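# Notes for the structure review
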Amino acid sequence: MRNSRTPAHRAAVAAATVAAALLLAACGGEGDGGSGPAAATGSTSPSAGAGVTAGAHNAQDVSFAQGMIPHHRQALEMARLAAGRASSARVEDLAARIEKAQEPEIRTMSGWLTSWGEDVPKSSDSTAESMPGMDHSGSGMPGMMAGSDMAALGKASGKDFDAKFLTMMIDHHKGAVDMATTEKNKGEYAPATSLAGGIVAAQTAEITEMNKLLGKG
């Protein structure tokens, strides 16, 4: 009896061993599958972090954007006055080009400040009076027009408007070039220094154009 039971007993033990092995293999497969997504998630985290730090900026970049936004807004105010007031089609065309170029730049710089957690200047901050110490004499933001200058431009028309507009915009552009040059030299955020370079090139060319329209070129 002992010998007749031994083979059966051994077969049962073997079967149980095989079943246990299969069960362990299945569990092991589930464990690998479960760790896969976790590993994948872990592998994407460093790249996501790298994307955040790739756009490093400094205080100069913030200052540039916060200063150039109201500076550009005032240029837009001046440019929009040209329609219906300017006597020269070339002045109207220049004003339209200024508006077309600077409006998107305001949106771009506002986006940077928002992404950096910094304040975006309010639309009312576009005259020297609204920003103490910032006037067209060169302190704070060079080239900014006082409210009285803007009022005088708004009342002008014809050739008088053309002369006032060109004279004021030359001064305004020179201020922007100064600000952008500082950003090029001291900024860290590549898109900001690139935009600054574009402002220097474009507005320097427009200064030359405006001087010619005034008969000074």
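This section reports on the structure supplied with the text. Because the structure is a prediction, the values reported are computed rather than measured. (Residues numbered from 1 in each chain as written. Predicted model: local features only at pLDDT ≥ 70, side-chain atom pairs only at ≥ 80, totals over all residues. Heavy atoms only, no water.)

### A word on helix H3 (residues 89-116)
- Over its 28 residues, H3 runs 41 Å from end to end, which matches the ideal 40 Å to within 8%, given 1.5 Å per residue.
- Where the residues of H3 are buried, they touch helix H2 (59-80), helix H5 (158-186) and helix H6 (190-213).
- In the segment just after H3, Gly117 is the residue with positive phi, at about 75°. (Helix = DSSP H or I, 4+ residues; strand = E, 2+ residues; numbered from the N terminus. Expected span 1.5 Å × (residues − 1). Contact = heavy atoms within 4.5 Å.)

### Notes on the packing of aromatic side chains
- Following the criterion strictly, the structure yields four aromatic pairs and no others.
- Arranged with centres 6.3 Å apart and planes meeting at 25°, the rings of Trp112 and Trp116 form a pair that is stacked. Of this pair, Trp112 and Trp116 are both found in helix H3, four residues apart, which corresponds to roughly one turn of the helix.
- Of the residues examined, Trp116 reaches a relative accessible area of 15% and is grouped as buried.
- Ring centres of Trp116 and Tyr189 lie 5.1 Å apart, and the angle between their planes is 85°; this geometry places the pair in the edge-to-face category. Of this pair, Trp116 sits in helix H3 while Tyr189 sits in the loop between H5 and H6, and the two are 73 residues apart along the sequence.
- What makes Tyr189 buried here is its relative accessible area of 15%.
- Grouped by ring-pair contacts, the aromatic residues Trp112, Trp116 and Tyr189 constitute a single cluster. (Phe/Tyr/Trp six-rings, centres within 6.5 Å; stacked < 30°, edge-to-face > 60°. Buried < 20%, exposed > 50% of the residue type's maximum accessible area, 1.4 Å probe, protein only.)

### Some points on the environment of Ser87
- Examined against the element boundaries, Ser87 turns out to sit in the loop between H2 and H3.
- Overall, Ser87 belongs to the partly exposed group, its relative accessible area being 45%.
- Put simply, Ser87 and Lys159 are 72 residues apart on the chain and 5.7 Å apart in space, counted from C-alpha to C-alpha.
- Not counting residues within four places of it along the chain, the set of residues in contact with Ser87 comprises Gly158, Lys159 and Asp162.

### Describing the pattern of salt bridges
- Here the structure, examined in full by the defined rule, presents five salt bridges.
- Between Arg80 and Glu99 there is a salt bridge, and its shortest N-O distance comes to 3.1 Å. Taken as a pair, Arg80 in helix H2 and Glu99 in helix H3 lie far apart in primary sequence, 19 residues in all.
- The class of Glu99 is partly exposed, set by a relative accessible area of 24%.
- The salt bridge partner of Asp160 is Lys164, with a shortest N-O separation of 2.9 Å. A residue pair is termed a helical-turn pair when its members lie 3 or 4 positions apart in one helix, as Asp160 and Lys164 do in helix H5 at four residues.
- Asp160 sits in the partly exposed class, given a relative accessible area of 38%.
- By relative accessible area, which is 31% here, Lys164 ends up partly exposed.
- Ionic contacts of the salt-bridge type, sharing partners, join the residues Arg80, Glu99 and Glu103 into one network. (Salt bridge = Lys/Arg side-chain N within 4 Å of Asp/Glu carboxyl O.)

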